[in-house]
Amino acid sequence: MCSSDLVVTEPKHQAKTKVTPEENWVVQDGVIVTKGKLFCYLGTKKSFSNYKFQFDWRYPEGSTPDSNSGALIHMQAPLDRVFPKSLEPQGRFKDHGKIFPMGGLKVKDNQFDQKALDEVRKPIGQWNTTRIECDKNGGVVVLDRKSTRLNSSHEWISRMPSS
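A brief structural summary.

Conventions used here
- In every chain, residue numbers begin from 1 and rise along the written sequence.
- For a predicted model such as this one, the threshold for reporting local features is a pLDDT of at least 70, and the threshold for listing and counting side-chain atom pairs is 80 or more; totals across whole chains, interfaces and linings nevertheless cover every residue.
- Hydrogens and water molecules were not included; the side-chain quantities draw on all heavy atoms of the structure.
- Only strands joined by at least two bridges in the DSSP assignment are considered to pair.
- Numbering of helices and strands runs from the N terminus, with a helix taken as a DSSP run of H or I at least four residues long and a strand as a DSSP run of E at least two residues long.
- Axis lines are fitted to C-alpha atoms, over the contacting stretch for helices. Their N-to-C directions set the angle, which ranges from 0 to 180 degrees.
- Three labels apply to residues, based on accessible area from a 1.4 Å probe with only protein chains included: buried if under 20% of the type maximum, exposed if over 50%, partly exposed otherwise in between.
- It only takes one pair of heavy atoms within 4.5 Å for two residues to be counted as in contact.

## Quick notes on the sheet that holds strand β7 (residues 85–89)
So, point 1. Strand order in this open sheet of 3 strands is β6-β7-β8, and the pairing throughout is antiparallel. Of all strands in the sheet, those with a lone pairing partner are β6 (73–76) and β8 (99–102), marking the two edges. In this sheet, neighbouring strand axes are inclined to one another by 20° on average, regardless of whether the strands run parallel or antiparallel.
So, point 2. Summarising the sheet, β7 and β8 pair through 4 bridges and their orientation is antiparallel. Bridge pairing links L87 to P101 in β8.

The following block contains the structure:
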């Protein structure tokens, strides 16, 4: 993937800053890096329904368990709002991988294993790897330290309403 495959969306209401969305998200040596200065979304121009999405993440030393981020998947228009209709595999340190429905979506059979997360997540300041897998049967969020499933459901994808 290269930078021309990506699109950055900034909610209309966001206060203007000195950093543009394009400056917040950069591709360095083939790796997408965020500077963490803006509340905006990074997405692809193409739509995907059968995929694996893997990313490395960490919170800096001194962060708290409430430190937050996330991955919005299966976003639906309009995208110019804070949380468009989508699913968020949570990026918050304390419950990383838990699925949060956004924008009024409902989720059935949403299972999250907090004990498994607590056993495999590395401490604040260390790198973790998360993999999100989706196909026609549903989805799963995996923390890759031991390929431990944190969340699985056969319904959170198949029940997504059409846009």
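## Regarding the pairing of β7
So, point 1. Of all 5 residues that make up β7, 4 are buried, and the element is covered over most of its length.
So, point 2. Strand direction decides the pairing type here: β6 and β7, joined by 2 bridges, are antiparallel. Across the sheet, the residue bridging to Q76 is K85, located in β7.

## Considering the environment of T34
So, point 1. Summarising the element assignment, T34 is placed in strand β3 (residues 31–34).
So, point 2. A relative accessible area of 40% means that T34 is categorised as partly exposed.
So, point 3. Along the backbone, T34 and E22 are 12 residues apart, and their C-alpha atoms lie at a distance of 9.8 Å.
So, point 4. Setting aside residues up to four positions removed in sequence, T34 forms contacts with N24 and W25.

## Concerning the pairing of strand β11 (residues 138–143)
So, point 1. The buried fraction of β11 is high, at 6 of 6 residues.
So, point 2. Residue alternation in β11 divides its side chains into two sets, G138, V140 and V142 and G139, V141 and L143, and both sets are buried.
So, point 3. With 6 bridges joining them, strand β10 (residues 128–135) and β11 adopt antiparallel strand pairing. Bridging across to β11, D135 finds its partner in G138.
So, point 4. If you look at the hairpin formed by β10 and β11, you'll find 2 residues sitting between the two strands.

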